[in-house]
Amino acid sequence: MTEKAVLIDVIDPQTDIAEAELRLEELESLVKTYGGATALKAFQKRSKPAYKTFIGTGKIDEIYEDLNGDFDLVILNNIMKPRQIDNLAEYITDLEIARLKEEGRFETPRKIQVWDRVDLILKIFDKHASTAEAKLQIELASIKHMGTRIFGMGLELSRQAGGIGSVGAGESNTEMMKRHLRKREQIVKEKIKKYAGIQQRQRDQRRDRNMKTVALAGYTNAGKSTLIKTLTRKKDVYIADELFATLDSKIGELYLGDDYKQKVGLADTIGFIQDLPPDLIQAFKTTLAEIVDADLILHVIDISDKNIHLKIKVVEEILDELLEGKTTQRIFVFNKLDRLNHLSEEDKLIYIAGLTERYAANQPQLVSALDRSSCDALVETIADHQTNLG
Ligand SMILES: Nc1nc2c(ncn2[C@@H]2O[C@H](COP(=O)(O)OP(=O)(O)OP(=O)(O)O)[C@@H](O)[C@H]2O)c(=O)[nH]1
Ligand SMILES: [Mg+2]
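Bear in mind that the values here come from a model prediction, so they are computed numbers and not experimental data. (Residues numbered from 1 in each chain as written. Chains lettered and ligands numbered in written order. Predicted model: local features only at pLDDT ≥ 70, side-chain atom pairs only at ≥ 80, totals over all residues. Heavy atoms only, no water.)

A. Looking closely at the site of ligand 1. Close to ligand 1 lie 23 residues; K224, T226, A245, T246 and D338 are nearest. A distance of 3.5 Å separates an oxygen atom of ligand 1 from a polar atom in the backbone of G271. For ligand 1, an oxygen atom lies 2.9 Å from a polar atom in the backbone of A369. Starting from 650 Å² of accessible surface for ligand 1 in isolation, the protein chains cover 91%. In terms of residue count, the dominant contributor to the shell around ligand 1 is helix α8 (residues 224-232) (3 residues). (Near = heavy atom within 4 Å. Polar contact = N/O pair within 3.5 Å; in protein donor to acceptor, adjacent residues only side chain to side chain. Areas by Shrake-Rupley, 256 points an atom, 1.4 Å probe, with all protein chains shown as cover. Helix = DSSP H or I, 4+ residues; strand = E, 2+ residues; numbered from the N terminus.)

B. Local environment of unusual backbone geometry. Of note, N210 is a non-glycine position whose phi angle comes to about 60°, a positive value. Of note, N210 is situated in the loop between α7 (173-208) and β5 (212-218). The phi dihedral of Q363 is positive, around 45°, even though this residue is not glycine. As for its placement among the helices and strands, Q363 is situated in the loop between α12 (345-358) and β10 (365-366). Take Q363: its relative accessible area is 33%, and that puts it in the partly exposed class. (Buried < 20%, exposed > 50% of the residue type's maximum accessible area, 1.4 Å probe, protein only.)

C. Up close: the sheet that holds β10. Read from one edge of the open sheet, 6 strands run β6-β7-β5-β8-β9-β10, paired in mixed fashion. Single-partner strands in this sheet number two, and they are β6 (251-256) and β10. Here β5 pairs with strand β7 (residues 262-267) via 4 bridges, running parallel. Within β7, the position partnered with K212 by the bridge is V264. Contacts from α8 reach β5, β6, β7, β8 (296-302) and β9 (330-335) within the one sheet, and its direction differs from that of β5 by about 145°. (Pairing = 2+ DSSP bridges. Contact = heavy atoms within 4.5 Å. Axes fitted to C-alpha atoms, helices over the stretch in contact; angles between N-to-C directions.)

D. Broad picture of the coordination of the magnesium ion (ligand 2). The magnesium ion (ligand 2) binds to the protein through S225 (OG) and T246 (OG1), with metal-donor distances spanning 1.9 to 2.2 Å. Separated by 21 residues along the polypeptide, S225 in helix α8 and T246 in the loop between α8 and β6 bring together distant segments of the chain. No difference in accessibility class separates S225 from T246, as the two residues are buried. (Donors = N, O, S within 2.8 Å, 3.2 Å for Na, K, Ca; no water.)

Written out as structure tokens, the structure reads:
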């Protein structure tokens, strides 16, 4: 059964309507990627979240009434405190109980779940993770963000984490869950450390062979994996029109020069998104180390995105945070050029000229990752850098 989700964004009163709508649209595509259906989208302007329930309960009453309770899940596009999530879920259960009573029904009220934005992202990660390493990183992020809520979240990974064991004398269920999570967190961290070591050795080996690494970074769905696949003809690259298709870093090899004797490694990385809590980025440190250690960064951008400037800013800020002052050159690769074909030639030129001027410092490149021949100039730019870096 597809879950019916109510999407709510609590936004600053200063936010303009267009931005508020784009934020909700992004949340809706996250829900779609997760496999849920959107029952209703709403935002509430508040300068400060409600202390107990984050969103004001009046708004919840209104939504509950509009939908006559016909939804399974409420997702807030914000980062909430665990207590606020619990309070809101309890509040909605009370609404359920009141409605059932009014209708003269004596059944157990349904358990309507409440998630915040991070919960939703972690659920998508959980669904998409295929390697053991990605799974561990997600488990760590989930333990940190969800705490004991993790046990009710139906995560694939918490099944491994399950089997909590027996309750110690004088210990409450919550205490036992906390104890179990602390233990599990240590184990997961140790395992991640091992993978980090393996990856570090692989990077060292590439360096010993004097092979440069170019990391592709960018907003989720910008086309990083597609570009790597086109440039390296690597077969096992997962591409999908969904958010967070890639959750680990894979390296492809790009041959350069007239004789194709030079090569660089192209590293695919996990996509970024706005409002990522630092904990989550921290949990993916091993994967993101490819970016930190790269000799060159290609920031891949969907040129057809309505929110292009905001997304560029989000990615640049996360990169700043990761690189901690390291001044690796970042080249902007504007991708999905073919998606501008709805514009007239003239409008297209004006739009592109505006972008290339605005971001001139980042050597803007224009490509359509679906078409190898459109990438020639980009490959040459990489080759130039490779020579300079070497
Ligand atoms: N029209 C068009 N679509 C593209 C182009 N490049 C990528 N796409 C599509 O955009 C979607 C996302 O592509 P991916 O390569 O998976 O994007 P990504 O940046 O790796 O995304 P994440 O792994 O989720 O961060 C897919 O449906 C691709 O087919 C392009 O140049 N033109
Ligand atoms: Mg990808």
